[in-house]
Amino acid sequence: MGGSTLTPATLIVERDGLDALIGELRAQHRTVLGPLVRDGVITHGEVTGIDDLPIGWTEQQSGGTYRLQPTGTDEIFAFSTPSESWKRYVHPPRALMLRARREGPAITVETPRPEPEPVAFFGVRSCDLAALGILDRVLLDPEATDPNYAVRRSDIFIVAAGCSTPAATCFCASMQTGPSPTSGFDLSIAELKGSEPLSYLIAAGTERGAEVLGLLPGRSATAADHEHATAVHDQAVAAMHRTLDAADPPRAAAAPEHPQWNDIAERCLACGNCTMVCPTCFCSSVEDTTSLDGNHTDRTRVWDSCFGLDFTHMHGGPTRTSIASRYRHWLLHKLVTWQDQFDSSGCVGCGRCITWCPVGIDLTAEIPKLARAATEVAP
Amino acid sequence: MTVTDPRNPTVPPSSRPSLAVWKFASCDGCQLTLLDCEDELLAVADQLDVAFFLEASSASVAGPYDVSLVEGSITTEEDRARIQEVRAQSKTLITIGACATAGGIQALRNTSDVSEFLRIVYATPSYISTLETSTPIADHVSVDFELRGCPIDRQQLLEVIGAYLVGRTPNTPGHSVCVECKQQGNPCVLVAHGTPCLGPATQAGCGALCPSYLRGCYGCFGPAETPNPHSLGATLLEAGLPPDELQRLFHTYNAWAEPFRGAVQVPTPTHRRPATQQENTR
Ligand code: SF4
Ligand code: SF4
Ligand code: SF4
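Definitions and cut-offs
- Residues numbered from 1 in each chain as written.
- Chains lettered and ligands numbered in written order.
- Predicted model: local features only at pLDDT ≥ 70, side-chain atom pairs only at ≥ 80, totals over all residues.
- Heavy atoms only, no water.
- Salt bridge = Lys/Arg side-chain N within 4 Å of Asp/Glu carboxyl O.
- Helix = DSSP H or I, 4+ residues; strand = E, 2+ residues; numbered from the N terminus.
- Buried < 20%, exposed > 50% of the residue type's maximum accessible area, 1.4 Å probe, protein only.
- Near = heavy atom within 4 Å.
- Nonpolar A, V, L, I, M, F, W, Y, C, P; charged D, E, K, R; others polar.
- Contact = heavy atoms within 4.5 Å.
- Buried area = accessible area lost by both parts, 1.4 Å probe.
- Polar contact = N/O pair within 3.5 Å; in protein donor to acceptor, adjacent residues only side chain to side chain.
- Core = buried A, V, L, I, M, F, W, Y, C linked by side-chain atoms within 4.5 Å.
- Domains from an automatic or database assignment.

Topic: the pattern of salt bridges
Residues and elements named next belong to chain A.
Now for step 1: Scanning all chains against the criterion turns up 30 salt bridges over all chains.
Now for step 2: With a closest N to O distance of 3.5 Å, Glu46 and Arg26 form a salt bridge. Of the two residues, Glu46 sits in strand β3 (residues 41-46) while Arg26 sits in helix α1 (residues 15-27), which places them 20 residues apart along the sequence.
Now for step 3: Look at Glu46 and you get partly exposed, because its relative accessible area is 45%.
Now for step 4: Of the charged contacts, one joins Arg219 and Asp225 as a salt bridge, the two residues approaching to 2.8 Å between their closest N and O atoms.
Now for step 5: The partly exposed category is assigned to Arg219, whose relative accessible area is 41%.
Now for step 6: With a relative accessible area of 10%, Asp225 lands in the buried category.
Now for step 7: Sharing partners across several salt bridges, the network here consists of Arg30, Asp155, Asp186 and Arg208.

Structure representation (structure tokens):
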């Protein structure tokens, strides 16, 4: 938290204040990545000012369906989870790990690393902030640090944004990861939905966040502003109907042979979309490619999915051949064995795996069925 | 880090493996992919002796060949015999493209009456000598590697040749197009726009070309390793795709590939199948 008395901890700004914030981050030579509308969805990309943001847009999400919709207002943050998480930037789909070159009898091996690049993430949702925390725990583990991730994560200015309008697929409240960010940001924005003129309560979470806040045009926040923010938060929580009871996943894990797994497998396409869009799924495989003359070899890390057969390919073939076994592995790792491995759930309740599953398989609907079955089988 | 290579890195021309490229019933598109490798073509020619490739040169060298690339499906008696010869002349036989790996578009005849087609298309049907079926090469001879696509992907072809040259397994994943689609950062056209897409049932390899242009996948790389076409088909019907269009979607480039063949309810004339289709060798 900002310790200096000269730098405010909170500020009320209007649209020009948000624009100034993006401008200030760019003046710090940061590439600002934020939400924008592209190809009919709200996703992330480089933003240069507030006009790039999804002003007046929201979306409808349900199992297997996503539709962009106008709000008829000039709210900027009236959407929920962008189609993509921040995983693409901190853990890119392809990363060069090693490069070998042969010249005559000598072989030179390099391990290239990305250049540290100052970036800012603008408008990070609370669930996605929690997901970054999970990736940090996994990939910055002092005993097994991912050097690529460490570089990319080293200088990110995070501007979080609370959710006023959760999608029907969201269940962050039940996972205790949202809808309002509580930590892990430099600045956090709350859109005071319904205020005239539309204003934003910005809170600093770090000293450098407070310094930037001190440069923005605005006024100090009153008790009424804070109450307004709390009311928006409460409404968002009340609007979220999906839940995942923390007691249920271990019960589901106790029923590995339940027929419900096969029922899921009849619908599951083993396409891997759920793992690709999940902000915490970090699995990858390693590919070696060689030039035709055999003098150059690149070793590349590539996003992979536990829904593929190769994922468990060992001597003698893959071990998870049925789709049921692959779905079960994914779900139970995410919700149960992740706890044993990394001391948290692997799920932050963003709902992306529900929306972007082409057949709309919904973990919040499957888990209670599996859990109920388990208690019925073993009372 | 620098280490010393135990092998002699220079390959004398005489020890370069010989390459032959064969055409069966096909459109030549896959062979053209090899010629399209422009920048890398010289590098290929440096490593392999192109001994037989009518598309590129009329000069030819008699077999045997170290590696054969086979394009096209078997649709005539002559070709049924010729593929046996090609196999006998080839140490390694790699089939390329949907025709060679699944029978191609021309396998649509497998579920129809060929004499009817002959009557409609040709003025003098009696001049045409053809089999009732179009079948993949692996139905007739053993195949060392199958490279999918209609046409094949240039990068994948170079990857397979490069892997062959150093004796490693090629990186040609059997998972769905969706994995590549998400690696590319595309929004899903099926979920976001309701556009019918075969990506979830189709093997990766094209780099999710069609979804990258907001088109649905046409399935030209054939079935993924463990597809679930029934579930996908049901979802596409639910999304409003008429049943005949669903059938057309599955039954175009890889109509005769096993999981696509049965994806929609069409009578399957099993009596016409000459041999059991081999598993994809990837
Ligand atoms: S499992 Fe699903 S809801 Fe949970 S974090 Fe991953 S994508 Fe989001
Ligand atoms: S659960 Fe859905 S998104 Fe995941 S692999 Fe199965 S069909 Fe694909
Ligand atoms: S657009 Fe097609 S290939 Fe891409 S994720 Fe969706 S279903 Fe899969």
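Let us keep going from here.
Some thoughts on the site of ligand 1
Now for step 1: By nearness alone, every residue bordering ligand 1 is listed as Phe171, Cys278, Pro279, Trp330, Lys334, Cys347, Val348, Gly349, Cys350, Gly351 and Cys353 of chain A.
Now for step 2: In terms of residue class, the shell around ligand 1 is made up of eight nonpolar, two polar and one charged.

Structural notes on the interface of chain B and chain A
Now for step 1: Listed by partner, the interface residues are 45 residues for chain B and 49 residues for chain A.
Now for step 2: Between chain B and chain A lies a buried interface of about 3,600 Å² when both sides are counted; carbon and sulfur atoms form 56% of it.
Now for step 3: Summed over the three residues of chain B that lose the most area to chain A, namely Lys182, Gln183 and Val191 of chain B, the buried surface amounts to 18% of that side.
Now for step 4: Across the chain B-chain A interface, the total number found is zero salt bridges.
Now for step 5: Across the contact surface, chain B and chain A share 17 residue pairs in polar contact (both at pLDDT 80 or more).
Now for step 6: Elements with a contribution of two residues or more to the side of chain B that touches chain A: β1 (2-4), α2 (38-47), α6 (154-166), α7 (177-184), α8 (189-193) and α10 (229-238) of chain B.
Now for step 7: Of the residues forming the side of chain B that touches chain A, the biggest block, six residues, is contributed by α6 of chain B.
Now for step 8: Looking at side-chain class alone, the side of chain B that touches chain A contains 20 nonpolar, 17 polar and eight charged residues.

Quick look at α7 of chain B
Now for step 1: Burial analysis of α7 of chain B places seven of its eight residues in the buried class, the great majority of the element.
Now for step 2: Among all positions of α7 of chain B, only Val177, Cys178, Val179, Glu180, Cys181, Lys182 and Gln183 of chain B are buried.
Now for step 3: Those residues of α7 of chain B that are buried are in contact with α2 (87-90), α10 (273-277) and β13 (296-303) of chain A together with α9 (209-212) of chain B.
Now for step 4: Sitting at the amino-terminal end of α7 of chain B is Ser176 of chain B, which places a side-chain oxygen 3.2 Å from the backbone nitrogen of Cys178 of chain B.
Now for step 5: In the segment just after α7 of chain B, Gly185 of chain B is the residue with positive phi, at about 85 degrees.

Examining the nonpolar core
Residue and element names in this part refer to chain A.
Now for step 1: By size, the foremost hydrophobic cluster in this structure holds 88 residues, and its most contacted members are Leu21, Ile189 and Tyr327.
Now for step 2: A total of eight residues in this core trace back to one element, the largest contributor, which is helix α11 (residues 323-342).
Now for step 3: Of all hydrophobic cores here, the second largest spans 28 residues; its members include Leu33, Val124, Leu135 and Ile158.

Points about the domain arrangement of chain A
Residue and element names in this part refer to chain A.
Now for step 1: In terms of domains, chain A is made up of domain 1 (10-97 + 105-239) and domain 2 (251-371).
Now for step 2: For domain 1 and domain 2, the distance between their C-alpha centroids amounts to 26 Å.
Now for step 3: In this assembly, 37 residues from domain 1 lie in contact with 33 residues from domain 2.
Now for step 4: In this assembly, domain 1 and domain 2 are joined by three salt bridges.
Now for step 5: Put simply, Asp128 and Arg352 hold a salt bridge, and the shortest N to O gap is 2.8 Å.

Regarding the environment of Leu246 of chain B
Now for step 1: With respect to the helices and strands, the residue Leu246 of chain B is situated in helix α11 (residues 243-250).
Now for step 2: Placed 173 residues apart in sequence, Leu246 of chain B and Ser73 of chain B show a C-alpha to C-alpha distance of 25 Å.

Some points on the domain arrangement of chain B
Residue and element names in this part refer to chain B.
Now for step 1: Along its sequence, chain B is carved into domain 1 (18-172) and domain 2 (177-263).
Now for step 2: Using C-alpha coordinates to define each centre, domain 1 is positioned 25 Å away from domain 2.
Now for step 3: Listed as interface residues are 17 residues of domain 1 and, on the opposing side, 15 residues of domain 2.
Now for step 4: Both sides of the domain 1 and domain 2 interface together cover about 1,200 Å² of buried area, and 58% of this is carbon and sulfur.
Now for step 5: Joining domain 1 to domain 2, the criterion identifies zero salt bridges.
Now for step 6: At the junction of domain 1 with domain 2, the criterion picks out three residue pairs in polar contact (both at pLDDT 80 or more).
Now for step 7: Among the residues making up the side of domain 1 that touches domain 2, the classes are represented as eight nonpolar, seven polar and two charged.

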